[in-house]
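The chain contents come next:
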Amino acid sequence: MLPARDRVAGLPELKGLTVAQLEQVFLDLGQKKYRAQQVYDALYVHRIPDVHGMTTLPADLRALLHERFRTSSVELESLQHSEDGTKKFLFALHDGRVIESVLIPSEMVEADGKPRRRTLCISTQVGCNLGCTFCATATMKLARNLSAGEIIDQFLQAQLHSEQPITNVVFMGMGEPMNNYDNVMQATSILNDQRTLMVAPRRTTLSTAGVLPGIVRMADEGRIIKLALSLHATTQETRVKLMPIAKKWPLDQVLETLDYYYKKTRKSVTYEYIVFKGLNDTLDDARRLGRMARRLPTKVNLIPFHEIDFTHPTGFSAELKPASPERFQWFIDRLREEDVRVLVRSSSGLDIDAACGQLALSAS
Ligand code: SF4
């Protein structure tokens, strides 16, 4: 007999399926269609982790589902706690690969002392093939896309380890979400479903390095989740050095595509901007960034650079350094003079290598 983990590894997932897909599952099993809604509610409304706990189903159907499907798509391997309250989850996948998710409590605190916002940073791929020079995940290369079930299960498993409800989701962990568009959107449709009450669309953000066909698709499909763009540079020359994807989709095309996105959706866009010492932190950068930010309603998230020495960077990556705190503040002040709405992303989880750009593991 196979050990339990190996038996489960070969089975299809129940998580990540929509009601319509579950209906097909039950029809194929020779069961009534209405069972689909019961299982959907058990998974996402009541968040029952195991089919044996789904007592709205008859015992023989529970046994059949247990035999044919796996209810967990990711399994917690380890959980690290940062001094600032950030939690980093290491999840194992059915094929032995691993991914990370990060739960970040907001710095905004309610009267009872509890953080007002709890944001889960979710991975969408195992590794990434976009090769951003400042990013630890890039050193892993791309192993595969995550399924919709593996994306949703990061939320469900992380919620079990959060005393308070997770309020926000950002697709900003490992991987480029636009390169796994269908699975990300399928997971999002379940996460944002009013019936499941997992997370509201306006509290869900997809962050892209600039995969322009994905931005156009989001606009054309009228997606209501938020869009963030990893900008990180104000000239094509610098952006190419930081993000090789800029060779394929240059900065002027990125800006034109965002104009299109805004025209179609009337939704604002967030620019993510890591401040590197001597590279993108000059007065000219602040002025160019100001011009870009004023093209449409935007806010700029300024992010301190988190060094990734643990990945043993070489070449241009090894030259990247964070701007000093004084220079960082100077850059904020210049942007505010440019009428830019600036927010500063904190360095939550730095002590456990869970801060922005630091997620990296050796893929099995
Ligand atoms: S920053 Fe994002 S897109 Fe770039 S290599 Fe890292 S995970 Fe991929």
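What counts, and at which threshold
Residues numbered from 1 in each chain as written. Predicted model: local features only at pLDDT ≥ 70, side-chain atom pairs only at ≥ 80, totals over all residues. Near = placed C-beta within 6 Å. Nonpolar A, V, L, I, M, F, W, Y, C, P; charged D, E, K, R; others polar. Core = buried A, V, L, I, M, F, W, Y, C linked by C-beta atoms within 7 Å. Buried ≥ 20, exposed ≤ 12 C-beta atoms within 10 Å, placed from the backbone. Domains from an automatic or database assignment. Contact = placed C-beta atoms within 7 Å. Helix = DSSP H or I, 4+ residues; strand = E, 2+ residues; numbered from the N terminus. Pairing = 2+ DSSP bridges. Right-handed = clockwise from strand over helix to strand, strands pointing away. Axes fitted to C-alpha atoms, helices over the stretch in contact; angles between N-to-C directions. Parallel < 35°, antiparallel > 145°, perpendicular 65-115°, else oblique.

A.B. asks: Summarise the site of the ligand; cite the residues concerned and give the values.
C.D. replies: The environment of the ligand is formed by Cys 128, Leu 130, Gly 131, Cys 132, Cys 135, Thr 137, Ala 138, Met 174, Gly 175, Glu 176 and Ala 209. Of the residues belonging to the shell around the ligand, the class tally is 7 nonpolar, 3 polar and 1 charged.

A.B. asks: Give me the lowdown on the nonpolar core, citing residues and values where you can.
C.D. replies: One recurring pattern in soluble globular proteins: nonpolar side chains tend to sit buried together. The biggest cluster of nonpolar side chains holds 92 residues, and the ones touching the most others in it are Phe 155 and Tyr 273. Here this core gathers at least three residues from each of two domains, domain 1 (4-68) and domain 2 (75-352). Not counting residues up to four positions away in its chain, the partners in contact with Tyr 273 are Leu 231, His 232, Leu 289, Val 300, Asn 301, Leu 302 and Ile 303.

A.B. asks: Lay out the pairing of strand 8 (residues 204-208) with the relevant residues and their values.
C.D. replies: Taken across its 5 residues, strand 8 has 4 buried, putting it largely inside the fold. In this sheet, strand 8 lies alongside strand 7 (residues 168-171) in parallel orientation, the contact comprising 3 bridges. Following the sheet pairing, Phe 171 is matched in strand 8 by Leu 206. On the question of chirality, the crossover connecting strand 7 to the parallel strand 8 by way of helix 6 (residues 181-191) is right-handed. Pairing geometry for strand 8 and strand 9 (residues 226-230), over 4 bridges, is parallel.

A.B. asks: Please provide a residue-by-residue account of the packing of helix 7 (residues 212-220) against helix 10 (residues 251-265), values included.
C.D. replies: Following both chains from N to C, one finds helix 7 and helix 10 inclined at 10°, their axes separated by 9 Å at the closest point. Taken together, the axes of helix 7 and helix 10 lie roughly parallel to each other. Between helix 7, through Leu 212, Ile 215, Val 216, Ala 219 and Asp 220, and helix 10, the contact on the second element is made entirely by Gln 253, Val 254, Thr 257, Tyr 260, Tyr 261, Lys 264 and Thr 265. Partitioning the contact of helix 7 with helix 10 into residue classes produces 7 nonpolar, 3 polar and 2 charged.

A.B. asks: Break down the domain arrangement of the protein chain for me, with residues and values.
C.D. replies: Split by domain assignment, the protein chain resolves into domain 1 (4-68) and domain 2 (75-352). A separation of 33 Å is found between the C-alpha centroids of domain 1 and domain 2. For the side of domain 1 that touches domain 2, the elements supplying multiple residues, two or more each, are helix 1 (4-9) and helix 3 (35-45).

A.B. asks: How would you sum up the pairing of strand 2 (residues 87-92)? Please name residues and give values.
C.D. replies: As defined by bridge partners, strand 1 (residues 75-81) adjoins strand 2 across 6 bridges and the pair is classed as antiparallel. Across the sheet, the residue bridging to His 81 is Lys 87, located in strand 2. Hairpin connection between strand 1 and strand 2: a loop of 5 residues separates the two successive antiparallel strands, and Gly 85 in this loop has a positive phi of roughly 95°. Where strand 2 folds back on strand 3 (residues 98-105), the antiparallel hairpin that results is connected by 5 residues, among which Gly 96 adopts a positive phi of roughly 90°.

A.B. asks: Report on the sheet that holds strand 2, specifying residues and quantitative values.
C.D. replies: Spatially, 1-2-3-4-7-8-9-10-11-12 is the arrangement adopted by the 10 strands of the open sheet, whose pairing is mixed. The open sheet has two edge strands with one neighbour each: strand 1 and strand 12 (342-344). In this sheet, adjacent strand axes meet at a mean angle of 25° when their direction is disregarded. Note: strand 4 (residues 118-122) against strand 7, 4 bridges, orientation parallel. From the neighbouring strand, Thr 119 faces strand 7, where its bridge partner is Asn 168.

A.B. asks: Hey, could you go over the environment of Pro 165 for me, with residue numbers and the actual values?
C.D. replies: For Pro 165, the position within the fold is in the loop between helix 5 (148-160) and strand 7. Judged by local crowding, Pro 165 falls into the exposed class, with 10 C-beta atoms found within 10 Å. Here the alpha-carbon distance between Pro 165 and Val 344, two residues 179 residues apart in the chain, equals 24 Å.

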